[in-house]
Amino acid sequence: MSDTIVAISTPRGFGGIGVVRLSGDKALELTQKIFNKKIELPRYAYYGAISIEGTPIDTGIVIYYRKPHSYTGEDVVEISMHGGIKNLEMVLNHLISLGARLAEKGEFTRRAVENGKMDIFEANAVIELIEAKTEKGVLLASSRLFGKLSKVVESVRKKIHEVNLQIEATIDFPMDVEEIPHNVLKNSLNEIKNEIEKLLSTYRDSKVIIEGVRIAIVGKPNVGKSTLLNALLRFERAIVSEIPGTTRDTIEETIDFYGFPVKIIDTAGIRESEDIIEKMGVERSKRAIETSDLILFVFDASAPLTEDDLELAKFTEGKMRIIVLNKSDLPKALTKEELLKLFPNEPVIEISALLKEGIDAVESEIKKKLLNIDIDSILVSNKIEYDLLSNALTHIENAIEILDTGTLDLVSEELREAIEILSGVSGENIGETVLRAIFERFCIGK
Ligand code: GDP
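Given the structure is predicted, the values throughout are model-derived calculations rather than measurements.

Topic: the nonpolar core
Okay, step 1: Ranked by internal contacts, the top residues of the largest apolar core, which has 45 residues, are Ile160, Leu189 and Leu415.
Okay, step 2: Mapped by element, the contributors of at least two residues to this core are helix H3 (107-114), helix H4 (120-131), helix H6 (148-172), helix H7 (182-210), helix H13 (383-405), helix H14 (408-423) and helix H15 (432-439).
Okay, step 3: Among residues more than four places away in sequence, those in contact with Leu189 are Val163, Ile396, Ala399, Ile400, Leu403, Val411 and Leu415.
Okay, step 4: Of all hydrophobic cores here, the second largest spans 33 residues; its members include Val213, Ala231, Ile366 and Ile375.

Below is the structure:
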């Protein structure tokens with residue numbers, strides 16, 4: 001018999017409804033000690049009074065889920081009360097005094113995993129859904145909540161298993177079973193390898209959706225970087241000034257950009273400087289450039305190109321860039337054609353950040369460059385899953401290598417390792433370290 005856990009499952013604060021949840025063998029028995037209606041049927045909503053030591057403190061709805069048909073796979077009771085802080089706490093504390101134990105972080109979901117109600121991919125999806133900051137993040141998490149990754153991983157595992165069965169048969173019954181041609185085996189293993197690699201490759205895109213992308217706004221002082229940042233943010237946030245170099249530090253803002261989290265970094269202009277503080281800013285700019293996924297490279301149309309521009313162009317080489325010709329409202333000293341000569345393979349967009357003209361074109365270029373992602377193709381979306389599949393991949397790669405140099409026994413051993421890793425995503429096979437890694441991200445009540 002497992003102990004019965006209890007927690008407030010709604011966020012702490014004032015709301016219309018607050019939920020206390022119990023899971024474990026005593027969930028119903030304990031609930032009946034505070035609830036005045038007799039709960040006879042599972043999955044029915046009972047309305048009644050909630051009392052502590054005979055004193056009614058609230059009214060609420062109680063729903064009982066009989067095991068195994070519950071979130072955790074155990075007996076679960078959800079008590080929906082009014083969403084205060086104190087009333088919920090009183091009920092929680094009273095249930096604890098009656099014998100329930102305060103749930104640990106993510107313990108409800110952990111029990112669900114341990115009881116085979118969901119695998120670790122789905123558990124990861126739960127936390128990702130809760131933490132999602134954008135619509136795309138929600139869609140990504142929910143597709144996995146419905147077992148998308150689980151199904152693909154299971155099918156890969158089965159394929160490895162089938163190949164291994166064939167190998168084992170030839171090892172165990174060399175007289176009766178015809179040996180599988182070397183190239184057939186190799187092809188099957190390569191197919192499996194490709195499939196896992198394809199899964200792993202979706203991790204990068206998922207990071208874009210969950211963590212967002214970093215865009216650095218780069219250019220020499222006074223070209224209008226801060227003004228462009230403001231225009232992109234659609235409100236004044238960065239300091240705009242006419243003295244070169246006032247944007248000493250970098251300024252970062254995260255915006256929800258067509259459903260993607262995008263972090264925009266306004267960098268100080270890169271140039272030689274004796275001023276210590278500005279130098280620090282310059283260092284940060286270089287780092288910002290290095291760690292960014294895309295660069296908005298800003299030029300001033302009212303001033304001719306300088307050495308600084310060219311140096312910066314060199315420093316940002318190899319990065320994904322969008323060239324922005326700002327201040328196009330002023331008399332021209334630098335044209336789009338000149339920039340196109342300098343950046344023949346990159347888009348050049350004329351704007352006036354001050355008049356907010358051309359900002360839409362910059363936005364749609366960003367979208368085209370970075371956010372051309374098909375959510376449906378993404379399967380792997382966090383480090384735990386990535387590591388697990390990478391591990392399995394290593395064993396498949398070993399197996400392919402050994403196929404040429406070693407014995408079938410050793411090939412089979414590698415395949416069994418891969419199978420074991422991929423089996424370790426559900427039920428009793430999950431290792432404690434994996435479990436801990438997942439559930440330390442949860443909060444109490446989930
Ligand atoms: P930064 O040093 O690159 O961040 O440049 P700022 O954004 O601080 O802008 C420098 C100066 O240029 C400010 O006076 C801005 O008002 C001005 N400025 C920025 N964008 C434009 C523009 O599109 N047109 C005009 N005429 N002035 C601009």
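There is more to say, and it comes next.
With respect to the pattern of salt bridges
Okay, step 1: The final tally for this structure, using the stated rule, is 23 salt bridges.
Okay, step 2: The shortest N-O distance in the salt bridge between Glu114 and Arg110 comes to 3.1 Å. Residue Glu114 and its partner Arg110 are both found in helix H3; the two are separated by four residues, about one turn of the helix.
Okay, step 3: Classification of Glu114 as partly exposed rests on a relative accessible area of 38%.
Okay, step 4: Residue class for Arg110 comes out buried when judged on its relative accessible area of 18%.
Okay, step 5: Of the charged contacts in the structure, one is a salt bridge between Lys193 and Glu197, with a shortest N-O distance of 3.8 Å. Placement of both Lys193 and Glu197 in helix H7 is noted, with a separation of four residues, approximately one turn of the helix.
Okay, step 6: A single network of salt bridges, built from pairs that share partners, joins Asp3, Glu74, Arg101, Glu107 and Arg111.

Criteria and cut-off values
- Residues numbered from 1 in each chain as written.
- Predicted model: local features only at pLDDT ≥ 70, side-chain atom pairs only at ≥ 80, totals over all residues.
- Heavy atoms only, no water.
- Core = buried A, V, L, I, M, F, W, Y, C linked by side-chain atoms within 4.5 Å.
- Buried < 20%, exposed > 50% of the residue type's maximum accessible area, 1.4 Å probe, protein only.
- Helix = DSSP H or I, 4+ residues; strand = E, 2+ residues; numbered from the N terminus.
- Contact = heavy atoms within 4.5 Å.
- Salt bridge = Lys/Arg side-chain N within 4 Å of Asp/Glu carboxyl O.

The analysis is restricted to geometry; functional conclusions fall outside its scope.
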